Amino acid sequence: MMKKTEIIALPGDGIGPEVTGVAVEVLKIVCRQHNVELSVKEFPFGGTCYEQYGSPVTDEILDECKKAKVVLLGAVGGPKWDDLNADKRPEAALLKLRKELGVYANLRPIKVYPVLAGSSTLKKEVIEGTDILIIRELTGGIYFGKPRFTSEEGGDPFSVDTMKYSRSEVQRVAKVAFEAARLRSGKLCSVDKANVLESSRMWRKSVDELTDDYSDVKLSNMLVDNCAMQIIRDPKQFDVMVTGNMFGDILSDAASMLTGSLGMLPSASIGGKNGLYEPVHGSAPDIAGQGVANPLAAVASAALLCRYSLKMEEAAQTIEEAIKSLLQDGLRTGDLYAEEPGTRLVHTKEVSDYLINQIQAKEESAV
Ligand code: IPM
Ligand code: MN
């Protein structure tokens, strides 16, 4: 008997539909291999949803996501919607979705594939062997703090955002990080700006309070400016890192370059029983619709979906191995391509065909 599972796909804007399409196809195949019949319900999201419904997400779509508990997302945003009011912007839909799903811990693994070490702008010997897990707090901090407004003082307009963290908010994400560190090298680095910000001093104190419960994990604290520099100077010093919403946003983009391309980075956002899986990259409107986007971050996000939400570790590994073998065989989308012997420039479709063949061949050899 096939077990039935339903997930939601929100392809979104720009290259979102191209990369999500590949990820969904791959997911369906690995699920079938593990006796799971995956049904994928698709909805518009972000700019494409705004075009259809006048809002970047509707209550019905949010309800469907909450009901399904597992969501695979492409990317949102584009110049077409940049001038809309804050609440109509595609990004507002993404923040709302994260908040409503309660996915407070955003896991962003930064793993350098040995064959891509030459694709990075950084020196091979600096990045080779890098394997960092950035855990970014996702439903609090300056992205959500109140008050938040724009006003005017004596003819001079000004705006206010609020960075707020409570102990419970910090500790729930810190616990995810301590647990993850326990399963890896036992090292955790918490990143803040405690020399300046009150909310960061709360952050540091709240993380420190957990050390008794996790005495097997070695905790260090680092200031975010120093961390930005250390990631580039010596990335191998890091294993698990935990930080607030905005710092995590910035540090993970910086860290992505260690892997050769932002187009390689998957993410998993978890909390409670819900999971939201999305590539770290954006909608790349400049290359959208051309069939040249790198779908690997979306496909790797699908692997994380198998691991964390569907509890199908073997399926996750099958996907990850297919990605590894594709890179070893030299297939490179434009974002990764550098003229090197043994490599060739390919389109999204070729990546997709390769992955599907690889995964199906694995099944045949297992039978
Ligand atoms: C990310 C993105 C989003 C964020 C944007 C699109 C709202 O940059 O997931 O890193 O800032 O969280
Ligand atoms: Mn970002």
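Please refer to the structure placed before this passage.
Keep in mind that this is a model prediction, so the values were computed, not measured.

Caption draft 1: Up close: the site of ligand 1. All residues in the neighbourhood of ligand 1 are listed as E91, L94, R98, R108, R136, Y143 and D249. The side chain of Y143 places a nitrogen or oxygen atom 2.6 Å from an oxygen atom of ligand 1. Measuring from an oxygen atom of ligand 1, one finds a side-chain N or O atom of D249 at 2.9 Å. A total of 3 residues in the shell around ligand 1 trace back to one element, the largest contributor, which is helix α4 (residues 90-101). Of the residues in the shell around ligand 1, the class split is 2 nonpolar, no polar and 5 charged. When residues of the shell around ligand 1 are assigned to domains, at least three map to each of domain 1 (1-104 + 265-367) and domain 2 (120-258).

Caption draft 2: Expanded view of the pairing of strand β5 (residues 131-137). Summarising burial for β5: 6 of the 7 residues are buried, a large majority. Two strands pair when backbone bridges link them, and β5 and strand β10 (residues 240-243) are joined in this way by 4 bridges, in the parallel orientation. Among the inter-strand pairings, I134 is bridged to a residue of β10, identified as M241.

Caption draft 3: Structural detail: the packing of aromatic side chains. The final tally for this structure, using the stated rule, is 3 aromatic pairs. The interplanar angle of 80° and the centroid separation of 6.0 Å between the aromatic rings of F149 and F158 together place this pair among those described as edge-to-face. Here Y165 and W203 contribute two aromatic rings whose centre-to-centre distance is 5.1 Å and whose plane-to-plane angle is 70°, an arrangement assigned as edge-to-face. Separated by 38 residues along the polypeptide, Y165 in the loop between β7 (156-162) and α6 (167-183) and W203 in helix α7 (residues 198-208) bring together distant segments of the chain. For the pair shown, Y165 and W203 are each scored as buried. Taking the ring centre of F144 as reference, the NZ or CZ of K99 above it sits at 4.7 Å.

Caption draft 4: Region of the structure containing the pairing of strand β12 (residues 274-277). Here β12 shows no split at all, with N274 and L276 on one side and G275 and Y277 on the other all buried. Where strand β3 (residues 70-75) and β12 come together, 3 bridges link them in parallel fashion. Bridging across to β12, L72 finds its partner in Y277. When strand β11 (residues 268-271) meets β12, the two strands line up antiparallel, connected through 4 bridges. Along β12, the bridge assignment pairs A268 with Y277. Once β11 ends, the chain turns through 2 residues before running back antiparallel as β12, passing G272 with a positive phi of about 60°.

The rules behind each value
Residues numbered from 1 in each chain as written. Chains lettered and ligands numbered in written order. Predicted model: local features only at pLDDT ≥ 70, side-chain atom pairs only at ≥ 80, totals over all residues. Heavy atoms only, no water. Near = heavy atom within 4 Å. Polar contact = N/O pair within 3.5 Å; in protein donor to acceptor, adjacent residues only side chain to side chain. Helix = DSSP H or I, 4+ residues; strand = E, 2+ residues; numbered from the N terminus. Nonpolar A, V, L, I, M, F, W, Y, C, P; charged D, E, K, R; others polar. Domains from an automatic or database assignment. Buried < 20%, exposed > 50% of the residue type's maximum accessible area, 1.4 Å probe, protein only. Pairing = 2+ DSSP bridges. Phe/Tyr/Trp six-rings, centres within 6.5 Å; stacked < 30°, edge-to-face > 60°. Lys NZ or Arg CZ within 6 Å of the ring centre and 35° of its normal.

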